[in-house]
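# Structural description and commentary
Read off the chains here:
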Amino acid sequence: DYAYYEVPIINISNVEKSDIHLFPNPFHEVLNFQFSNYSNCQKIEIFDIFGNIVFKKEDVLSEYTHLNLSMLTAGFYYIKIYSDLQIITSKIIKL
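The sections below set out a description of the structure shown in this document. (Residues numbered from 1 in each chain as written. Predicted model: local features only at pLDDT ≥ 70, side-chain atom pairs only at ≥ 80, totals over all residues. Heavy atoms only, no water.)

Counting buried positions over the nine residues of strand β6 (residues 75-83) gives seven, a clear majority of the element. As defined by bridge partners, strand β3 (residues 41-47) adjoins β6 across six bridges and the pair is classed as antiparallel. Across the sheet, the residue bridging to phenylalanine 47 is tyrosine 78, located in β6. Counting the residues in the hairpin turn of β6 and strand β7 (residues 87-94) gives three residues. (Buried < 20%, exposed > 50% of the residue type's maximum accessible area, 1.4 Å probe, protein only. Helix = DSSP H or I, 4+ residues; strand = E, 2+ residues; numbered from the N terminus. Pairing = 2+ DSSP bridges.)

This brings us to the nonpolar core. A general feature of soluble globular proteins is that nonpolar side chains tend to end up buried together. In this structure, Phe33, Ile44, Ile46, Leu69, Ile79, Ile81 and Ile92 are the most contacted members of the largest nonpolar core, which totals 19 residues. Ignoring sequence-local partners within four residues, the contact set of isoleucine 92 consists of Leu22, Asn25, Phe27, Leu31, Ile46, Gly75, Phe76, Tyr77, Tyr78 and Ile79. (Core = buried A, V, L, I, M, F, W, Y, C linked by side-chain atoms within 4.5 Å. Contact = heavy atoms within 4.5 Å.)

All told, the structure shown has one aromatic pair when counted by the stated rule. Residues phenylalanine 23 and tyrosine 64 carry aromatic rings whose centres are separated by 6.2 Å and whose planes lie at 35 degrees to one another, so their mutual orientation is tilted. Linking phenylalanine 23 in strand β1 (residues 20-23) with tyrosine 64 in strand β5 (residues 64-68), this pair joins segments that are 41 residues apart in sequence. Cation over ring: lysine 43 sits above tyrosine 82, and NZ or CZ is 4.5 Å from the ring centre. (Phe/Tyr/Trp six-rings, centres within 6.5 Å; stacked < 30°, edge-to-face > 60°. Lys NZ or Arg CZ within 6 Å of the ring centre and 35° of its normal.)

Below is the structure:
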């Protein structure tokens, strides 16, 4: 069985201009993000390079959040953040 997930990729500079800031990137265990213009974050998904969802969190109720991603192996991932105002996708790197 194969599953197909479309993961749009944007330039990291587009994320920095958005209302959501991811840091540090690359990260070791914890990835932080902050909404500069807070809106309800409905869902966060992290995908591996094959499009498989490896992490999912719903109903993030804070304008500053950290994700413990120590369970992930080192490599490239894509994070997709769904808020009331926008959906942002970015590449992240786990060291």
